[in-house]
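Chain by chain, the residues run as shown.
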Amino acid sequence: MRQFVERHTFWAIVIFLIAAAFLWMIFSVWPDWLEDAIGRKKTFVNTFLNGITLGGLYFLVASGFTLVFGLMRNVNLAHGSMYLLGAYIGYEVAEASGSWFLGLAVAFLAIAASGILLQVLIFRRMEGDDLRQTLVTIGISIIAADLMLAVWTGTTYQFAPPEWLFGAATLPVVSTLKSSGDAVFIKYPVYRLAVLAVAVAVGIALWLFLNRTRIGMMIRAGVNDREMLAASGVNVQLVFALVFAIGAGLAGFAGVIGGTALSIAPGEDIRYLLASLIVVIVGGLGSVTGAAIGALLIGLAEQFGLAYFPTYGVVLTFLIMVVTLAVRPQGIMGGR
């Protein structure tokens, strides 16, 4: 952070002023002119929170994608299918057992196993051939989508989280003041706040894993110089299979989280694959921090677009990607 401020003082000041303005708008009591210009404060704050929590969900999906695509340079366009399959598996297990957490664990393990199979049977035979990887994984995603449609039909599913995650929490954010002078505080769903907390925990754990553990150093070394790592006695293929297992498992994990927060339906695989691609491009290849920043920007852009100008809201997401590619082609946190 200090290096960024020293190198980009102007942009650091701009970011600080924008963050300060957002904090003021969230925690202050709005004057009448601001409500006339933007609308109710409750709408603004709920949109802001929805954007952050949606960004957290996008990060959970994109964190696995950034390991496989961003770090290992393997083009896995079946990542969205893994998300949707994990959601369906988690739903079936949770319904059969009555345990949401068991569904979450089984979805992670099942999709992690599918990631290992994909790495061993597909990507190990196509190392360095991006075009073949792209075409093969597109084919796999199409077949997987048809099979899931045949098994689970076009019905929309949604399963409930544990009871202690139901309800809404009262936030220390004033929505408005009553005529008596009493403050009205904003309430927000507990589960969405839990999604954000899980995303933060996963992000910290991934960063520590890649930067502070021996296996993480092996992964980064294997990406940069596979032959040298193999010469040192490390089983490179085993390390890469582990990366695929973690990346795919996170997709299945996110499927249960997202399926509980929103819904499980055909087409969600394409949505989250596209979101993951944009997040990795904006944030920078192989950067967990960049994926978090990209997911936050995309989530906020999507929600504010839907709330304030829904006709052109979708343009915001692609505008962010275009501007990032024009100004910093390697992504916000990507290396040169």
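Residues numbered from 1 in each chain as written. Predicted model: local features only at pLDDT ≥ 70, side-chain atom pairs only at ≥ 80, totals over all residues. Heavy atoms only, no water.

(A) Main features of the packing of aromatic side chains. Here the structure, examined in full by the defined rule, presents 16 aromatic pairs. Measuring from ring centre to ring centre gives 6.3 Å for tryptophan 100 and tyrosine 191, while their planes differ by 85°; the resulting arrangement is edge-to-face. Remark: tyrosine 191 occurs in helix α8 (residues 190-212) and tryptophan 100 occurs in helix α6 (residues 100-121); sequence separation between them is 91 residues. Grouping residues by exposure puts tryptophan 100 and tyrosine 191 together as buried. Through a chain of ring-to-ring contacts, three or more aromatic side chains come together here, namely Phe22, Trp30, Phe44, Phe48, Phe304 and Tyr308. (Phe/Tyr/Trp six-rings, centres within 6.5 Å; stacked < 30°, edge-to-face > 60°. Helix = DSSP H or I, 4+ residues; strand = E, 2+ residues; numbered from the N terminus. Buried < 20%, exposed > 50% of the residue type's maximum accessible area, 1.4 Å probe, protein only.)

(B) Expanded view of the side chain of lysine 41. Following the sequence through the fold, lysine 41 ends up in helix α4 (residues 41-71). The side chain of lysine 41 is buried and forms no salt bridge, while glutamate 35, the nearest opposite charge, is found at 8.1 Å. Within polar-contact distance, the side chain of lysine 41 engages the backbone oxygen of isoleucine 26 at 2.7 Å. A polar atom in the side chain of lysine 41 sits 2.4 Å from the backbone oxygen of serine 28. Dropping the residues within four chain positions of it, lysine 41 is found in contact with Met25, Ile26, Phe27, Ser28, Val29, Trp30, Glu35, Val173, Val174 and Ser175. (Lys, Arg positive; Asp, Glu negative; His and termini not counted. Salt bridge = Lys/Arg side-chain N within 4 Å of Asp/Glu carboxyl O. Polar contact = N/O pair within 3.5 Å; in protein donor to acceptor, adjacent residues only side chain to side chain. Contact = heavy atoms within 4.5 Å.)

(C) Representation of the environment of aspartate 182. Along the polypeptide, aspartate 182 turns up in the loop between β1 (168-177) and β2 (183-189). Note: C-alpha distance between aspartate 182 and valine 288 (106 residues apart in sequence) is 43 Å. If we ignore the near neighbours within four places in the chain, the residues touching aspartate 182 are Thr176 and Leu177.

(D) Representation of the packing of helix α5 (residues 79-97) against helix α11 (residues 236-261). It is the contact of α5 with α11, at a shortest axis distance of 7 Å, that shows an interaxial angle of 55°. The angle between the axes of α5 and α11 places the two elements in the oblique class. Relative to α11, α5 is oriented so that their crossing is right-handed. Contacts from His79, Met82, Tyr83, Gly86, Ala87 and Gly90 of α5 reach α11 at Gly247, Ala248, Ala251, Gly252, Ala254, Gly255, Val256, Gly258 and Gly259. (Axes fitted to C-alpha atoms, helices over the stretch in contact; angles between N-to-C directions. Parallel < 35°, antiparallel > 145°, perpendicular 65-115°, else oblique. Left-handed = near helix turned anticlockwise from the far one by under 90°.)

(E) Focus on the nonpolar core. Counting 67 residues, the largest nonpolar core has Leu67, Ile257 and Ile264 as the members making the most contacts within it. Looking at which element gives the most residues to this core, the answer is α11, with 13 residues. Excluding residues that lie within four positions of it along the chain, leucine 67 makes contacts with Met72, Leu206, Leu210, Val243, Ile246, Gly247 and Leu250. (Core = buried A, V, L, I, M, F, W, Y, C linked by side-chain atoms within 4.5 Å.)

(F) Structural context of unusual backbone geometry. Phi angles above zero are rare outside glycine, and threonine 153 is one such case at about 55°. Its place among the elements puts threonine 153 in the loop between α7 (130-152) and β1. For threonine 153, a relative accessible area of 37% gives the class partly exposed.

(G) The side chain of threonine 260, seen in detail. Within the secondary structure, threonine 260 sits in helix α11. For threonine 260, a relative accessible area of 6% gives the class buried. Of the polar contacts made by the side chain of threonine 260, one reaches the backbone oxygen of valine 256; its length is 2.7 Å. If we skip the residues at most four places from it in the chain, threonine 260 touches Trp100, Gln158, Phe159, Ala160, Pro161 and Tyr191.

(H) View of the pairing of β1. Relative to β2, β1 runs antiparallel, the two being bridged by six bridges. Looking across to β2, one finds that leucine 177 is bridged to alanine 183. The hairpin turn running from β1 into β2, its antiparallel successor, is five residues long, and glycine 181 in that turn takes a positive phi close to 95°. (Pairing = 2+ DSSP bridges.)

(I) Looking closely at the pattern of salt bridges. A complete count under the given rule lists three salt bridges for this structure. The partner of glutamate 268 in a salt bridge is arginine 271, with the nearest N and O atoms 3.8 Å apart. Taken together, the positions of glutamate 268 and arginine 271, both in helix α12 (residues 268-283) and three residues apart, correspond to about one turn of that helix. Owing to a relative accessible area of 13%, glutamate 268 belongs among the buried residues under this scheme. Connected via shared salt-bridge partners are Glu268, Arg271 and Glu302.

Everything listed here is a matter of coordinates, which is why it stays silent on function.
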